[in-house]
Amino acid sequence: ISVLNGGLEKWQSEKRLVTKELNNFSQSKYISKEKKDLVKSKIQIDENILKQEFKILDARSKERFEGREKEPRKGLRSGSIPNSLCLPFKQLIEKDKTFKSKEELLKIFKSVLKHDFSSKIVFSCGSGVTASVLALAYSLIDNKYNPVIYDGSWSEYGRI
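Since the structure is predicted, the reported quantities are computational estimates derived from the model, not experimental observations.

This next bit is on the overall build of the chain. A tally of helices and strands in the chain yields six helices and five strands. Taken from the N to the C terminus, the helices and strands of the chain come in the order α-β-α-β-α-β-α-β-α-β-α. Per-residue burial over the chain gives 34% buried out of 160 residues. Of the roughly 11,100 Å² of accessible surface on the chain, 51% is carried by carbon and sulfur atoms. Averaged over its 31 positive side-chain charges, the chain has a centre that lies 1 Å from the centre of its 21 negative ones.

What follows is the structure, encoded as structure tokens:
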């Protein structure tokens, strides 16, 4: 599974089909249903700091998480959500920009979660994007898990 820019290079190196043809899609009458239980709000994150009903895994670098590196977005303080844990998303990715093996992913998640898989997990990052990388990687080792994201992430929580 390719997760970052560069996945096309791997696809092509494996001699997989690539086309310049554009497809036309017809409009559908699909009606989506929002699954609010898969996205956490800042209020829920604040409540969790006291209740600790779920673990928060932050996908940002250790330096940003620990506040040793300035945030790239203006108006954000440095640091992390209280009681959250850091798992930089790059630790889950191979050089060819695919996920590491299931065994390696399991080992990494166990080391961060201290072997505690009993709690629910919510993924966070700087803006909600790389949190999805963690969520997808976690779903590879636990296919019954429905990824939950704090979409506001540090861009919301870290506002000055």
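All right, on to the packing of aromatic side chains then. Throughout the structure, instances matching the rule amount to five aromatic pairs. Between F109 and Y138 the ring centres are 5.1 Å apart and the planes differ by 75°, which places this aromatic pair in the edge-to-face class. Placement of F109 in helix α4 (residues 102-113) and of Y138 in helix α5 (residues 130-141) is noted, with a sequence separation of 29 residues between them. With a centroid separation of 5.9 Å and 35° between ring planes, the pair formed by W154 and Y157 is classed as tilted. Placement of both W154 and Y157 in helix α6 (residues 153-157) is noted, with a separation of three residues, approximately one turn of the helix. Comparing W154 with Y157 shows no difference in burial state: the two are buried.

Attention shifts here to a nonpolar patch on the surface. Among the surface-exposed residues, L8, W11 and V18 lie close enough to one another that they form a single nonpolar patch of about 290 Å² accessible area. If you trace the backbone, L8 turns up in helix α1 (residues 7-13). In this structure L8 comes out as exposed when scored by relative accessible area, which is 53%.

With that out of the way, let us pick up the pattern of salt bridges. One pass over the structure, following the stated rule, counts eight salt bridges. When the shortest N-O distance is used, the salt bridge between K42 and D46 registers 3.0 Å. With K42 and D46 both in helix α2 (residues 42-51) and four residues apart, this pair spans about one turn of that helix. Look at K42 and you get partly exposed, because its relative accessible area is 30%. The class of D46 is partly exposed, set by a relative accessible area of 30%. Linked through salt bridges whose partners overlap, the residues forming this network are D58, R60, R64 and E71.

What counts, and where the lines are drawn
Residues numbered from 1 in each chain as written. Predicted model: local features only at pLDDT ≥ 70, side-chain atom pairs only at ≥ 80, totals over all residues. Heavy atoms only, no water. Helix = DSSP H or I, 4+ residues; strand = E, 2+ residues; numbered from the N terminus. Buried < 20%, exposed > 50% of the residue type's maximum accessible area, 1.4 Å probe, protein only. Areas by Shrake-Rupley, 256 points an atom, 1.4 Å probe, with all protein chains shown as cover. Lys, Arg positive; Asp, Glu negative; His and termini not counted. Charge placed at Lys NZ, Arg CZ, Asp CG, Glu CD. Phe/Tyr/Trp six-rings, centres within 6.5 Å; stacked < 30°, edge-to-face > 60°. Patch = residues over 30% accessible without salt bridge, like charges linked within 9 Å, V, L, I, M, F, W, Y side chains within 5 Å. Salt bridge = Lys/Arg side-chain N within 4 Å of Asp/Glu carboxyl O.

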